[in-house]
Amino acid sequence: MKRFANTDINALLENKSSKRTKYNEEYAIRLFNSFVRSKNITLQSLIQNYEEFDTNLGQFYASVRKEDGNEFHANSLTTIKFSLQRKFYEQHCIDIIKDPKFKKCNNVFEAVIIDLKRKGKACVKHYEILTNEDLATIKNMPYYTPVHLQHKVWLTIMVHFMCRGMENIHSM
């Protein structure tokens, strides 16, 4: 048995992100490229001039909209920002979040998020709180078969981990 295997590093790096992450990155880059084309400038020229890049990135955050013309929700805009961050860092070693050269665009981003919150576009949809009666019903739920027991355990897990309960349920 060999102690060190021949590992394809490129394949590992290519597969480190989920399909959804890759899709979000592609979508964010398409949006930003569309913005850059609308300004009649090139991405390459922005990468070479950080001040212009910072200014245009701030304008992008302030002006980006969905295809139907409506504003993105705050979480969606944050996803776009972090997707751009991953792509720019991966391809050009540019950190648009932590680098002080991008302070202006990050301030614009924060202002846009605050404005979206004021407009109600950052709301989280909450479900009704379970009453004590509901909790008692779940606790005293009989289980006659393994399927009943499985349902009771599943409900108990959902009640105790409600914050992120349904987020990764498909992988359980």
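Residues numbered from 1 in each chain as written. Predicted model: local features only at pLDDT ≥ 70, side-chain atom pairs only at ≥ 80, totals over all residues. Heavy atoms only, no water.

Asks: Help me understand the overall build of the chain, please; the structure alone is not making it clear to me.
Replies: In terms of regular secondary structure, the chain is built from eight helices and zero strands. Taken from the N to the C terminus, the helices and strands of the chain come in the order α-α-α-α-α-α-α-α. On C-alpha atoms alone, the chain measures out to a radius of gyration of 23 Å, which is more than a quarter above the 16 Å that the 2.2 N^0.38 rule sets for 172 residues. Dimensions along the principal axes, computed over C-alpha positions, put the chain at roughly 70 × 60 × 30 Å. Buried positions account for 26% of the 172 residues belonging to the chain. Taking contacts inside the chain between residues at least 6 apart in sequence as the whole, the part at least 24 apart equals 54%. Computing the positive centroid from 26 side-chain charges and the negative centroid from 19, the chain places the two 3 Å apart. (Helix = DSSP H or I, 4+ residues; strand = E, 2+ residues; numbered from the N terminus. Rg over C-alpha atoms; globule rule 2.2 N^0.38 Å. Buried < 20%, exposed > 50% of the residue type's maximum accessible area, 1.4 Å probe, protein only. Contact = heavy atoms within 4.5 Å. Lys, Arg positive; Asp, Glu negative; His and termini not counted. Charge placed at Lys NZ, Arg CZ, Asp CG, Glu CD.)

Asks: Teacher, can you tell me more about the packing of aromatic side chains here?
Replies: Centre-to-centre distance and the angle between the planes together describe a pair of aromatic rings. For the structure on display, the rule yields 11 aromatic pairs. Look at Phe32 and Phe88: their rings are 5.7 Å apart centre to centre, the planes differ by 80°, and that puts the pair in the edge-to-face class. Of the two residues, Phe32 sits in helix 2 (residues 19-38) while Phe88 sits in helix 5 (residues 74-92), which places them 56 residues apart along the sequence. No difference in accessibility class separates Phe32 from Phe88, as the two residues are buried. Between Tyr50 and Phe102, the ring centres sit 5.6 Å apart and the planes meet at 90°, which makes this aromatic pair edge-to-face. Of this pair, Tyr50 sits in helix 4 (residues 50-63) while Phe102 sits in the loop between helix 5 and helix 6 (103-118), and the two are 52 residues apart along the sequence. Phe102 gets classed as buried once you look at its relative accessible area, which sits at 0%. (Phe/Tyr/Trp six-rings, centres within 6.5 Å; stacked < 30°, edge-to-face > 60°.)

Asks: Mind showing me how you'd approach the nonpolar core here?
Replies: The tendency in soluble globular proteins is for nonpolar side chains to be buried side by side. Of all hydrophobic cores here, the largest spans 27 residues; its most connected members are Phe32, Phe53, Leu57, Phe60, Leu77, Leu84 and Ile96. With six residues, the top contributor of residues to this core is helix 2. Apart from residues no more than four positions distant in its own chain, Ile96 is found in contact with Phe53, Leu57, Tyr61, Lys81, Leu84, Gln85, Phe88, Phe102, Cys105 and Asn106. (Core = buried A, V, L, I, M, F, W, Y, C linked by side-chain atoms within 4.5 Å.)

Asks: Would you mind going over the layout of surface pockets with me for this structure?
Replies: In this approach the atoms are scanned with a rolling probe the size of a water molecule, which exposes any empty space left behind. The computed volume of the second largest pocket comes to approximately 270 Å³. Residue lining of the second largest pocket: Asn10, Leu13, Glu14, Lys16, Ser17, Lys22, Glu25, Glu26, Arg86, Lys87 and Glu90, and that is the complete set. Secondary structure elements with two or more residues in the lining of the second largest pocket: helix 1 (9-14), helix 2 and helix 5. (1 Å grid on protein atoms, 1.4 Å probe; cavity = no way out; pocket = protein on both sides within 12 Å on 5 of 7 lines; lining within 4 Å. Points joined across faces, edges and corners; volume = space filled by probe spheres on them.)

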